[in-house]
Amino acid sequence: MNRLLLFLSAALSVAFAESGLPVGKFQQLDQTVPTPSPLRNASGAPGTAYWQNRADYDINVELDDVKRTISAEATVTYHNASPDALTYLWVQLDQNYLSHNADSRAVPNTKRGVDLTKFSYSALDRLVAYEEYDGEMKISKLTDAKGEALPHSIVKTMLRLDLPEPLAAGANFVFKIAWSYPINDCERINARTGYEFFKEDGNCIYTIAQWFPRMAAYTDYAGWINKQFLGTGEFTLEFGNYKVSLTVPDDHLVAATGALQNADTVLTETQRERLKKAQGETKKPMFIVTPEEAKAAEKGKPKGKKTWIFQADNVRDFAFASSRKFIWDAMAVEGATYPPTPERKGGIADRMYRPPVMAMSLYPKEGMPLWDKYSTHAIAHTIQVYSKYTFAYPYPVAWSVNGPVGGMEYPMICFNGPRPEKDGTYPERTKYALIGVVIHEVGHNYFPMIVNSDERQWTWMDEGLNSFVEYLTEEEWENDWNHRRNERGMVDYMRLTDRVPVMTNSESIADLGPNAYGQPTAALNILREHILGREAFDHAFKTYARRWMFKRPTPSDFFRTMEDASGVDLDWFWRGWFYSVDHVDVSIDEVRWMQLDTRDPAIEKPKKKKEKDELPQTLTKERNYTLPKRVDLFPELKDFYDNFDEATVLPSEKKKFESLLKELKEEEIDPKLLQTKHNFYVIEMSNVGGLVMPVLLKIDYTDGTSEELKLPAEIWRFNTERASKLLFTKKELKAVTFDPRQELVDTDVENNFWPRRPVKSKFQLFKDEKAPNPMRELTKPEKKDDEKKAAPKK
Amino acid sequence: MPSLLQRLPLLLTLAFSTLLHAHSLHQSTAEAEYNPTTQKLEVSLTVFINDLELALMRQSERLISIDKTPAAEFDAHIQAYLAKTFVVTDADGKTMKPEWVGRELGSLKNDDPTVTLFFAIPLPEGLVGTSLLHSVLCDLFQDQTNLLLLRNTQKVEFKFVRGDSAKQLFSPK
């Protein structure tokens, strides 16, 4: 036994000495992520000293349907909860990115548009449109609460407000601002906001966002987030309460962030009654304004104006839509109330009246028959599924509005573009485009509208997480839904050698789609299905969402929370998927087959002889066999050895075996162990792509059965380039496959198979499918000839 | 036949309805393998149907839809487009004309389905020294990325973007 121990320790020390290979992949992330602090603690939760600033708005705004302009004034109350005294405040004027001298004008954001270097008619029209339109937000007044003018400086999309005296920690500052600007024609000037003009009836749909001067965020990790808005990276904002009085033509319908305060004034009695009824309707959307009423309204002219008053608490932004063309439908979301019903039952809280959360859609007749069928249902579905994975929806309403904007999210309201063709038909993909975009945009209420991550610095924290939950939501809508564009082509993308890590700052990432949406979504799916498992993952994810609702998390808060709440060390996972440019490519290099030697010469010697005899003979030997031999001619040349059977057990060998058995008995090892009939297979793998992953294997046996095996990623712990697995089975192995269901984004499928088998290219598969089917041709003769024979003679 | 200017707003509106939300991924993937028996480079190119239709509409300046346009006409438009945007030149610099094989739709239960285009380029001299200009959809989107996996003795993944769309596939040693 001592010899055994010695052998074992020798073996181990050899193993350690050999692992000079990098184990850095499993190294803890501590040196890479920011140090925990009283603001953001080591478990990934907001610390005792966590702070965030706040901005409340009281806005009066008028939308002029004739001039197509916005004019407004606001009283802004800024709360400085930080420990720092601030000498200036930054205010975002994002609308200025459409002004004449904007940075983005030199090369308009062509992600959604057409290239201006090729002169087609549409390009010419856009060029003219850009020349004529100046979307600059004209500030007509900027004063303190008493009306004294405040010194300020405008740098394109950012306004710096110089405070008369430093704003102390914990203090408030109130200022008043008035502004106006012309609204852009979305068809010609593409943006996340604007109007759509319908030539047929002469009316507009207005979907308005980024329309007011918004406080920039002042953060603990980067100070003021005051980079210019160039149209791609989105927004970083503070929470606050909004009261907005919106004046529009009196025949317009308005949807906005928040709850309508003066329904008695702006809605008709019929509309109010229908809304009340809709509150009890959870199965089918109800019209609050019917298609017929909307068609009639389209032809009308306003007699005056109406002011709609909205109140929104704890939101980070405010958007609205207005038009006389709108059809309005509504449905109550089953299982969602405002305020949210607490999870634990009992007590006074239970007896409180909680009206349901309302899912509502606004769309012109051009949106039918698609919008009336799917939009409101998609909103309700999103709220129900997202709430299951995170927290109860904490707002009273969720709107989906059809207008010129393809898809964009704001608290409680989103703008979505897909519409049927003019003839009322639509291809299947438009249906999925609508449902998918509604799910995605309503989902954004959760990430980043409530879990308020910084979209500028880390786009993946909202887009990646939202895409991931969107995926789960679509899976629960119907079977076999194929997902959004952004996750496609991941395998091809990860095969590239010139990528940047996901954790690179968003503004400098060229491949934003794959980096912000695709890779994080793929990573989270793998984390959920194959590393943590659904239960542990869902609990950790929910913990993260609840810890950071209405707060501002950073990536390390997410990484730490997921580990803290799941109990699994995931530093290797974050490092691999978020901080490196490794990819997944595991190769099954070799499978070695061994069988145990029983050590009993009575068994082994005949076995060895049999194996030797079964070896194929050389041709030479075979031919020489029939030649006459001298020992047959002269038998006296034969001796003991000629008749000796190699399989005979010698007494010394028998004695050796008996003493081994004795030794085993003394050590209390059962000698029967030596007789085991199992096969030993050693599966040798190498990690070609570098990205450390759990190893999913499928083993096929010669008896026709197969089994799936899962080895945790820790198998790569001591050597991140090679690993092996010992398989101990009575059956005989036929084949081994890595990632049999192709779920792990492996970039080279051919080295996943052992024994190797070639994988046909897509082209070859396509050609194979097109090959003529001789059986079909021969068994079904030409029908024409039969018919000719059967036809009666005339 | 309405004049182009009259059709313009219709074209623009259509362009709208096919465009999705901000951050849309503009990427295509492709596989290419040289078949020594037929002496052709066999290519499969997967693009988003929405993007392809938009490109064909701009090219022909008329309405084109994969569901409504007759198949032969649609294929003809694709081939004309590929002739300009997927150009293989042999070692001597001669442009080789691709042969159309067919196309296959991806799953339609999808908000942004794809279509895979199959075609083969005759290269009697083999792959050595050939170059590829791959600028499919780059005329539509500034950020279009075209990935291509060349399967050979090794696998090489190429990335073509606007401004870097011509590469040598297999350099002579």
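Residues numbered from 1 in each chain as written. Chains lettered and ligands numbered in written order. Predicted model: local features only at pLDDT ≥ 70, side-chain atom pairs only at ≥ 80, totals over all residues.

A.B. asks: So, the overall build of chain B: which residues are in play, and what are the values?
C.D. replies: Across its full length, chain B holds three helices and ten strands. Traced from its N-terminal end to its C-terminal end, chain B shows the element sequence α-β-β-α-α-β-β-β-β-β-β-β-β. Here chain B, with 173 residues, has 42% of them falling under the buried criterion. (Helix = DSSP H or I, 4+ residues; strand = E, 2+ residues; numbered from the N terminus. Buried ≥ 20, exposed ≤ 12 C-beta atoms within 10 Å, placed from the backbone.)

A.B. asks: Describe in detail the overall build of chain A, supporting the description with residues and values.
C.D. replies: In terms of helices and strands, chain A carries 22 helices and 30 strands. Residues classed as buried in chain A amount to 39% of the 794 residues present. Sequence separation of 24 or more characterises 76% of the internal contacts of chain A that already satisfy a separation of 6 or more. (Contact = placed C-beta atoms within 7 Å.)

A.B. asks: Tell me about the packing of helix α8 (residues 428-443) of chain A against helix α10 (residues 459-475) of chain A, and name the residues and values.
C.D. replies: Residue and element names in this part refer to chain A. One way to put it is that α8 packs onto α10 with a least axis distance of 9 Å and a crossing angle of 135°. For the element pair α8 / α10, the angle class is oblique. Regarding α8 and α10, the two cross each other, and that crossing is right-handed. In this structure, α8 contributes G436, I439, H440 and G443 to the contact, and α10 contributes N466, V469, E470, T473 and E474. Residues that form the contact of α8 with α10 fall into these classes: two nonpolar, five polar and two charged. (Axes fitted to C-alpha atoms, helices over the stretch in contact; angles between N-to-C directions. Parallel < 35°, antiparallel > 145°, perpendicular 65-115°, else oblique. Left-handed = near helix turned anticlockwise from the far one by under 90°. Nonpolar A, V, L, I, M, F, W, Y, C, P; charged D, E, K, R; others polar.)

A.B. asks: How would you summarise the environment of A:L674 if you had to cite specific residues and measurements?
C.D. replies: The topology assignment puts A:L674 in the loop between α19 (651-666) and β25 (679-687). Here A:L674 is in contact with A:L596, A:T598 and A:R599, once residues within four sequence places are set aside.

A.B. asks: Could you give an account of the confidence of the model for chain A, naming the residues involved and the relevant values?
C.D. replies: The predicted coordinates ought not to be read in detail in places where the model reports low pLDDT. Residues and elements named next belong to chain A. Here chain A shows a mean pLDDT of 87. Residues at 70 or above account for 88%. Every residue in residues 1-22 is under pLDDT 50, and counting partners more than four places away or in other chains gives seven contacts. Here residues 106-119 scores under 50 on pLDDT; set against residues more than four positions off or in separate chains, the count is 32 contacts. (pLDDT = per-residue confidence, 0-100.)

A.B. asks: How would you sum up the nonpolar core? Please name residues and give values.
C.D. replies: One finds A:A359, A:I383 and A:W399 to be the most contacted residues of the largest nonpolar core, which totals 207 residues. Excluding residues that lie within four positions of it along the chain, A:I383 makes contacts with A:V333, A:A336, A:V357, A:A359, A:Y393, A:A398 and A:V442. (Core = buried A, V, L, I, M, F, W, Y, C linked by C-beta atoms within 7 Å.)

A.B. asks: Tell me about the domain arrangement of chain A, residues and numbers included.
C.D. replies: Along its sequence, chain A is organised into domain 1 (20-50 + 453-581), domain 2 (51-238), domain 3 (241-450), domain 4 (597-675) and domain 5 (679-759). Once you take the C-alpha centre of each, domain 4 of chain A and domain 5 of chain A turn out to be 38 Å apart. (Domains from an automatic or database assignment.)

A.B. asks: Describe helix α7 (residues 371-389) of chain A, listing the residues and the values that go with them.
C.D. replies: A rise of 1.5 Å per residue sets the reference length of α7(A), with its 19 residues, at 27 Å; its end C-alpha atoms lie 27 Å apart and thus fit the reference within 8%. Tucked inside the fold, the buried residues of α7(A) contact β19 (327-337), β20 (356-363), β21 (397-402), α8, α9 (445-450) and α10 of chain A. (Expected span 1.5 Å × (residues − 1).)

A.B. asks: Provide a residue-level description of the sheet that holds β25(A), including the pertinent values.
C.D. replies: All names here are of chain A. Read from one edge to the other, the open sheet built from three strands follows the order β24-β25-β28, with strand pairing classed as antiparallel. At either margin of the open sheet sits one strand with a lone partner, and together these are β24 (586-595) and β28 (722-729). Shown here is a sheet whose adjacent strand axes are inclined to one another by a mean of 20°, direction ignored. When β25 meets β28, the two strands line up antiparallel, connected through eight bridges. Paired with E684 across the strands is S724, a residue of β28. (Pairing = 2+ DSSP bridges.)

A.B. asks: Residue-level account of the sheet that holds strand β23 (residues 413-416) of chain A, with values.
C.D. replies: All names here are of chain A. With mixed pairing, six strands are arranged side by side in an open sheet as β16-β19-β20-β21-β23-β22. Looking at the sheet topology across the chains shown, the edges are occupied by β16 (286-289) and β22 (407-410). Neighbour to neighbour, the strand axes of the sheet diverge by 20° on average, direction disregarded. Pairing between β20 and β21: five bridges, direction parallel. For L362, the partnering residue across the bridge sits in β21 and is V401.

A.B. asks: Account for the pairing of strand β9 (residues 203-208) of chain A, naming residues and giving values.
C.D. replies: Residue and element names in this part refer to chain A. Of all six residues that make up β9, six are buried, and the element is covered over most of its length. Burial of the side chains of β9 extends over both faces: N203, I205 and T207 are buried on one face and C204, Y206 and I208 on the other. Across five bridges, strand β8 (residues 194-198) lies against β9 in antiparallel orientation. By the bridge assignment for β9, E196 is matched with I205.

A.B. asks: Let's hear about the environment of A:R623: which residues, and what values?
C.D. replies: Residues and elements named next belong to chain A. Among the secondary structure elements, R623 is positioned in helix α17 (residues 619-624). Classification of R623 as exposed rests on a count of 10 C-beta atoms within 10 Å. Each C-alpha atom, one on R623 and one on P635, is 23 Å from the other, the two residues being twelve residues apart in sequence.

A.B. asks: Provide a residue-level description of unusual backbone geometry, including the pertinent values.
C.D. replies: Most peptide bonds take the trans form, and the phi angle of most residues other than glycine is negative. Residue A:P448 follows A:F447 across a cis peptide bond; omega there is 10°. Along the chain, the position of A:P448 falls in helix α9. With an omega dihedral of -5°, the bond running from A:W754 to A:P755 counts as a cis peptide bond. A positive phi angle is found at B:E61, which is not glycine, with a value near 55°. A positive phi angle, close to 70°, is found at B:L137, a residue other than glycine.

A.B. asks: Describe the environment of A:E455, naming the residues involved and giving the relevant values.
C.D. replies: Relative to the assigned elements, A:E455 resides in the loop between α9 and α10. As for A:E455 and A:F235, which are separated by 220 residues in sequence, their C-alpha atoms are 5.6 Å apart.

A.B. asks: Account for the confidence of the model for chain B, with residues named and values stated.
C.D. replies: Residue and element names in this part refer to chain B. Mean pLDDT over chain B: 84, with 86% of residues reaching 70 or higher. In this model residues 1-22 is a low-confidence stretch, pLDDT under 50, and it forms 35 contacts with partners more than four residues away in sequence or in other chains. As a predicted assembly, this complex carries a pTM of 0.86 together with an ipTM value of 0.85.

A.B. asks: How would you sum up the packing of α7(A) against α10(A)? Please name residues and give values.
C.D. replies: All names here are of chain A. Packing of α7 against α10 brings their axes to within 10 Å, and their N-to-C directions diverge by 120°. By crossing handedness, the relation of α7 to α10 is classed as right-handed. For the pair formed by α7 and α10, the contact residues are H381, T382, V385, Y386 and Y389 on the first element and V469, L472 and T473 on the second. Here the contact of α7 with α10 is composed, by residue class, of five nonpolar, three polar and no charged.

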